Amino acid sequence: MQTTSAISLQDVRKSFDGGHEFVLKGLSLEVPRGSLTAIIGFSGTGKSVVLKHILGLYKPTSGNIEVLGQDIGQMTPDDLTRFRQKFGVLFQSAALFDDMTVLENVCFPLFEHRRELRQSQVISIAEERLVQVGLDKKHYNKLPNQISGGMQKRTGLARALALDPEILIYDEPTTGLDPILTEMVDNLILETHKSRKGLTSIMVSHDLAAAFRIADHIAMLDAGKVLLSGTAEDFFNSDIELVKRFVSKGMKHK
Ligand SMILES: Nc1ncnc2c1ncn2[C@@H]1O[C@H](COP(=O)(O)OP(=O)(O)OP(=O)(O)O)[C@@H](O)[C@H]1O
Ligand SMILES: [Mg+2]
């Protein structure tokens, strides 16, 4: 049983530019510590906006957000920058630096934030992360455009793991990938989650089948709120009409 939350959003409301239209309308969400949580929901329901609040990139108009027991609303910009080192982030595009090799990409956050380390130590940590995501040594000195899409994802994940984050965030990690690559990335997310003790992983996904397969906790957003939060079983057994529709739609493609 997980009793504590890595992330807790309480009654979060968000409108942009002081407008009267709210994207988040009193959203409360608990992400259990150590869980692999999937955030699902139709397009435009606020999934990415929620992630940006968790990362402190957006401030709520009202409500509270606690991450690892700390109220991020109270943090100064400098505190937040330091705090973000506890996060690893992997977006849809791996967002690698094109002019850096695979190895240099993974070294980058270490050179930025672990200035006390010697170059040889940085390289050895980066290599360790690359081994963990299953990337062969022969690719370390290649540029991103010289490796396949799957290898780019692996490199992006190795870079997200560089600083040994407590929370790993994925926003649509498999959107636009072919089914084989999608399965590989999903498995990589699951393996990474299992292999790092205490890691909390959050994945926003359109791929419902994948969310049900790999996540142990699922939250479905609708109209700026959490419609249902629970296990895959809770979703299959739900009587909520929208959940039923979403579940049957999502599973049909598979
Ligand atoms: N910076 C912003 N300024 C104004 N509106 C925004 C901003 N960011 C997001 N929104 C609005 O918030 C709503 C939710 O957007 P969000 O990107 O979170 O959706 P999503 O659930 O991630 O959708 P998708 O599945 O398509 O990625 C949208 O209506 C969007 O236009
Ligand atoms: Mg989104």
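Definitions and cut-offs
Residues numbered from 1 in each chain as written. Chains lettered and ligands numbered in written order. Predicted model: local features only at pLDDT ≥ 70, side-chain atom pairs only at ≥ 80, totals over all residues. Heavy atoms only, no water. Helix = DSSP H or I, 4+ residues; strand = E, 2+ residues; numbered from the N terminus. Rg over C-alpha atoms; globule rule 2.2 N^0.38 Å. Buried < 20%, exposed > 50% of the residue type's maximum accessible area, 1.4 Å probe, protein only. Contact = heavy atoms within 4.5 Å. Areas by Shrake-Rupley, 256 points an atom, 1.4 Å probe, with all protein chains shown as cover. Lys, Arg positive; Asp, Glu negative; His and termini not counted. Charge placed at Lys NZ, Arg CZ, Asp CG, Glu CD. Near = heavy atom within 4 Å. Polar contact = N/O pair within 3.5 Å; in protein donor to acceptor, adjacent residues only side chain to side chain. Phe/Tyr/Trp six-rings, centres within 6.5 Å; stacked < 30°, edge-to-face > 60°. Lys NZ or Arg CZ within 6 Å of the ring centre and 35° of its normal. Pairing = 2+ DSSP bridges. Axes fitted to C-alpha atoms, helices over the stretch in contact; angles between N-to-C directions. Domains from an automatic or database assignment. Buried area = accessible area lost by both parts, 1.4 Å probe. Salt bridge = Lys/Arg side-chain N within 4 Å of Asp/Glu carboxyl O.

**Student:** Is there a simple way to think about the overall build of the chain in this case?
**Tutor:** Secondary structure assignment for the chain yields nine helices and 10 strands. Here the C-alpha radius of gyration of the chain, 18 Å, is about what a compact globule of 254 residues would show, namely 18 Å. Seen through its principal axes, the chain has C-alpha atoms that stretch 55 × 45 × 35 Å. The buried share of the chain, taken over its 254 residues, is 49%. Considering only intrachain contacts with a sequence separation of at least 6, the fraction spanning at least 24 residues in the chain is 66%. Approximately 12,700 Å² of the chain is accessible, and the part contributed by carbon and sulfur atoms is 50%. Within the chain, one finds 30 positive and 31 negative side-chain charges whose respective centroids are separated by 1 Å.

**Student:** Help me understand the site of ligand 1, please; the structure alone is not making it clear to me.
**Tutor:** The local shell around ligand 1 consists of Phe16, Val23, Ser43, Gly44, Thr45, Gly46, Lys47, Ser48, Val49, Tyr58, Glu172 and His206. At 2.9 Å, a side-chain N or O of Ser48 approaches an oxygen atom of ligand 1. In this structure, a nitrogen atom belonging to ligand 1 sits 3.1 Å away from a side-chain N or O atom of Tyr58. Notes on ligand 1: free accessible area 640 Å², of which the protein chains cover 60%.

**Student:** When you look at the packing of aromatic side chains in this model, what are you seeing that I'm missing?
**Tutor:** How two aromatic rings sit relative to each other is given by the distance of their centres and the angle of their planes. Counted under the stated rule, the structure contains six aromatic pairs. Seen from their ring centres, Phe42 and Phe246 are 4.7 Å apart, and the 80° between their planes marks the pair as edge-to-face. Taken together, the residues Phe42 in the loop between β3 (36-40) and α1 (47-54) and Phe246 in helix α9 (residues 241-252) connect sequence positions 204 residues apart. Classification of Phe246 by relative accessible area gives buried; the value is 10%. One aromatic cluster in this structure is built from Phe212, Phe235 and Phe236. The ring centre of Phe22 lies 4.0 Å from the NZ or CZ of Arg13, which sits over that ring. Just above the ring of Phe97 sits the side chain of Arg159; from NZ or CZ to the centre is 5.1 Å.

**Student:** Is there a simple way to think about α1 in this case?
**Tutor:** Because each turn of an α-helix spans 3.6 residues, side chains separated by three or four positions end up pointing in the same direction. Counting buried positions along α1 yields six of eight residues, so the element is predominantly enclosed. Phi turns positive one or two residues past the end of α1, at Gly56, with a value near 75°.

**Student:** What exactly am I supposed to notice about unusual backbone geometry here?
**Tutor:** Positive phi, normally seen in glycine, also occurs at Leu68, with a value near 50°. A positive phi angle, close to 50°, is found at Glu172, a residue other than glycine. Along the chain, Glu172 turns up in the loop between β7 (167-171) and α6 (179-195).

**Student:** Got a minute to help me understand the sheet that holds strand β10 (residues 225-230) in this structure?
**Tutor:** One key point about sheets: their strands pair by backbone hydrogen bonds, in either a parallel or an antiparallel sense. Spatially, six strands are ordered β6-β7-β8-β3-β9-β10 in an open sheet, and the strand pairing comes out mixed. Looking along the sheet, the strands with just one partner apiece sit at the ends: β6 (87-90) and β10. On average, adjacent strands in this sheet sit at an angle of 15° to one another, irrespective of strand direction. For β3 and strand β9 (residues 217-222), the ladder comprises four bridges, and the chain directions are parallel.

**Student:** What exactly am I supposed to notice about the domain arrangement of the chain here?
**Tutor:** Much of the literature gives interface size as the accessible area that the parts lose upon coming together. In terms of domain boundaries, the chain breaks down into domain 1 (1-68 + 166-254) and domain 2 (94-165). Relative placement of domain 1 and domain 2: their C-alpha centres are 27 Å apart. Facing 14 residues of domain 1, the contacting portion of domain 2 comprises 12 residues. Summing both sides of the interface, domain 1 and domain 2 together bury roughly 1,100 Å²; the carbon and sulfur share of this comes to 61%. Joining domain 1 to domain 2, the criterion identifies one salt bridge.

**Student:** Quick question: what am I supposed to make of the side chain of Thr182 here?
**Tutor:** Along the chain, Thr182 turns up in helix α6. We classify Thr182 as buried; its relative accessible area is 9%. Apart from residues no more than four positions distant in its own chain, Thr182 is found in contact with Thr174, Leu177 and Asp207.

**Student:** Can you walk me through the environment of Ile40 in this structure?
**Tutor:** Its place among the elements puts Ile40 in strand β3. Judged by its relative accessible area of 0%, Ile40 falls in the buried class. Sequence-wise, Ile40 and Asp71 are 31 residues apart; in three dimensions their C-alpha atoms are separated by 25 Å. In contact with Ile40, not counting residues within four places along its chain, are Lys47, Ser205, Leu208, Ala211, Ile218, Ala219, Met220, Leu221, Phe235 and Phe246.

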